[in-house]
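Working through the structure, step by step
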Amino acid sequence: MGYNKKVIDHYENPRNVGSLDKNQPTVGTGVVGAPECGDVMKLQVEIDEKTRIIKDAKFKTFGCGSAIASSSLATEMIKGKTIEEALEVKNTTIVEELSLPPIKIHCSVLAEEAIKAAIDDYLKKQAENAKRSKE
Amino acid sequence: MKLPIYLDYHATTPVDPEVFRTMAPYFTEHFGNAASRNHEFGWVAESAVEKARAQIARLIGASEKEIVFTSGATESDNLALIGVAKMYKEKGNHIITTSIEHKAILDTCHALEKEGFEITYLPVDQYGQVSAEAVKNAITPKTILVSVMMANNEIGTLNPIADIGKVCKERKVLFHTDAVQGVGKNPIDVERMGVDLMSLSAHKIYGPKGIGALYVRRRNPRVRLEPIIHGGGHERGMRSGTLNVPGIVGFGKAAEILQQVMPEEIVRLRRLRDKLWDGIRNGVDEIYLNGHPNERICNNLNISFAYVEGESLMMGMKELAVSSGSACTSASLEPSYVLKSIGVSEDLAHTSIRFSVGRFTREDEIDYAVKKVIETVTKLRDLSPLYEMVKDGVDLKKIQWGGH
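The structure presented is a predicted model; accordingly, all values stated were derived computationally and were not measured.

**Remarks on helix α12 (residues 363–382) of chain B**
All names here are of chain B. The end-to-end C-alpha distance of α12, which contains 20 residues, comes to 29 Å, matching closely the 28 Å that a straight helix rising 1.5 Å per residue would cover. Glu365, Ile366, Ala369, Val373, Thr376, Val377, Leu380 and Arg381 are the residues of α12 that are buried. Buried positions in α12, seen along its axis, are confined to an arc of 125° and lie on one side of it. In α12, the exposed residues that point more than 90 degrees away from the buried face are Asp364 and Thr378. In this structure, the buried residues of α12 make contact with β1 (5–6), α8 (245–283), β10 (300–305), α9 (310–316), β11 (320–321) and α13 (385–391).

**Some words on the packing of helix α2 (residues 40–60) of chain B against α8 of chain B**
All names here are of chain B. Interhelical geometry of α2 versus α8 gives an angle of 35° and a closest axis separation of 8 Å. Considering only the axes of α2 and α8, their crossing is left-handed. For the pair formed by α2 and α8, the contact residues are Ala45, Ala48, Val49, Lys51, Ala52, Gln55, Ile56, Arg58 and Leu59 on the first element and Val245, Ile248, Val249, Phe251, Gly252, Ala255, Glu256, Leu258 and Gln259 on the second. Across the contact of α2 with α8, the residue classes tally to 12 nonpolar, three polar and three charged.

**A look at the interface of chain A and chain B**
When the parts of a complex come together, some accessible area is lost, and that lost area is often taken as the interface size. Between chain A and chain B, the contact holds 25 residues from the first and 21 residues from the second. Those elements giving two or more residues to the side of chain A that touches chain B turn out to be β1 (27–34), β2 (39–47), β3 (54–62), α2 (65–78) and α5 (105–134) of chain A. With four residues, β1 of chain A is the largest single contributor of residues to the side of chain A that touches chain B.

**Observations concerning the domain arrangement of chain B**
Residues and elements named next belong to chain B. The domains assigned to chain B are domain 1 (5–9 + 263–388) and domain 2 (17–258). For domain 1 and domain 2, the distance between their C-alpha centroids amounts to 29 Å. Facing the 19 residues of domain 1 at the interface are 20 residues of domain 2. At the level of secondary structure, the elements contributing two or more residues to the side of domain 1 that touches domain 2 comprise β10 and α10 (337–341). Of the residues contributing to the side of domain 1 that touches domain 2, the split by class is five nonpolar, 10 polar and four charged.

Quick notes on the rules
Residues numbered from 1 in each chain as written. Chains lettered and ligands numbered in written order. Predicted model: local features only at pLDDT ≥ 70, side-chain atom pairs only at ≥ 80, totals over all residues. Helix = DSSP H or I, 4+ residues; strand = E, 2+ residues; numbered from the N terminus. Expected span 1.5 Å × (residues − 1). Buried ≥ 20, exposed ≤ 12 C-beta atoms within 10 Å, placed from the backbone. Arc of directions from axis to C-beta. Contact = placed C-beta atoms within 7 Å. Axes fitted to C-alpha atoms, helices over the stretch in contact; angles between N-to-C directions. Left-handed = near helix turned anticlockwise from the far one by under 90°. Nonpolar A, V, L, I, M, F, W, Y, C, P; charged D, E, K, R; others polar. Domains from an automatic or database assignment.

Structure (C-alpha cells):
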C-alpha cells in the first residue's frame, strides 16, 4: 500500500504542531479518539473574543499517517475562519483533499470531531465566564 | 549501503544466489515430469527430487521417505490437520492447539469445528509459551492430534517442543508442529523432539516461494493421512499433483546450505539482533520487548514503542522494511491477536514493530536502523498528545476515552 502524496507531505511537514495554554479563556481544547483504537487527536483553537475568528490552531496526534495528515490539514483549514465557518468543515472535504481510501475515512471523521470538540470547549468556557461575571 | 534495508525476514527471504543457480536448469534443460518413468527427462527430474528430499530430511533428522512436498506451509498445515482429522475420526474428534498459532492452523481448526471436530485453543503465558503440562491436562480419550508451533512468527517465542512431544508420545496422541519460523534458527531433530508431523516452507529459508513440505512420520508410529488434494497419487497418495521440480530442487539446496551455515549464522544473527535492541533501548525510553527475553529465535525483535502508533512509525522510517502489529496495517482493523493473547494491552499493540534480521543483514545496516528508529520515535513523540500527557503527569488509564 503506497501513501498518497498529500498525506506524506502533511506527515513529513506537519502544519501547526504543538500546544496552546489550555487554561487560557480564549483557548479551546478538544481531545478525541482512544489509545486502544490506535488514534488520539488533540486539537486546540485560540479565538478572538470580539471577531470570533480562530487566530491560531495547534494539534498533536497519536495515530497512523492519515490521522496525522487529517489533523494537520484540519488546523490549516480552520485558521482564519470564524467559529461558525469552522463548524461547517466536513470530514468529506478532508477525505477529498487527502484522497483517503475507505479504510482511512475514520481519520477524517475524527478530525472533524476534534474541531467541534475544541470549539465546544471554548464556548463552554465563555459561557461559564459570562455566568461568573454576572454573579 | 543500499536503501531500503530489509528487516522483515519472517515475512519472506530472498532466494540465495546459489539456490537460484541450482534451480535454473530445471526450468529449461531438465524440464521433465518427475512422474514420467519411461524416459531420460523423467529420470533426471525424479533423481533431482529425490536428492532434494534427502537434503530436507537430513536438516530435520528424518528419512527422505517421510517428506511430502506441498505448495507451501499453509498447505502443509491444512494437510496435517485435515488429513489426521479425517483419517482418525473413528478414534476421536478432539484436537489441541494454541491461541497464537498461524492463521493457517487457526482457520483450518475453525473449518474443522464446522464439521463437528472439537478444538481446544490453549492459552499462552505472557511470553507466548504453552507448557507440556497444559497440553497434558487438555488431552482426553477423544484427542487425536496436538498442534503447537515451534516458534511464533510475530514474537519469536520458542515452545518446549521436545517436552510436548514426550507428553504426546506417552498419551499416544499425534503431534504436529508448524516449524516454519523455527527451522534454521535452532537445531531440529524429529526423533529427539518426538514430532510426528512438521510443516516447512522453502521461502523462509532462502529458497523459492510456492514450495513447502510436510514431514510425516513413517514408523513408531506410522502416521496416515487422508489426502486433501486428489489426483494422480503422487507423494505416496498423500498429495497429488505434478511435482514442482525447480522449486523442490531449490528447497533442497536451501536446506543443504542452511545446515552448513546454521551454527555460525545463529551466533551472528543473535549478535545483530541484540545490537539492534541495545541500540534502540539506549536511545528511547518507554519501549517494551514482546515475547520471551531468552527463549526466542535468534533473529526476532518485537518492540512496543509506547505513545507512537505503529503504522505512522513505519511511514517515518520507510528506509526500513519492517512489519507492525498495529491494526492500521491489517485489513481487519484489529490489532495483532498474538500480542493480545500474551496480554499486551490494545494501546501498546498498536505501537508494536517486528524487526527480523537474516542472512544478508550487515552490521552497518543495523547501525543505520538504530539511528532511524530513534530519530522517528523521537519525532513522533513530539507529535504525540499521549506522550505529552504522560510527561505532564497525567495517568492515561484514568481518562475517559471516547473512542469511535
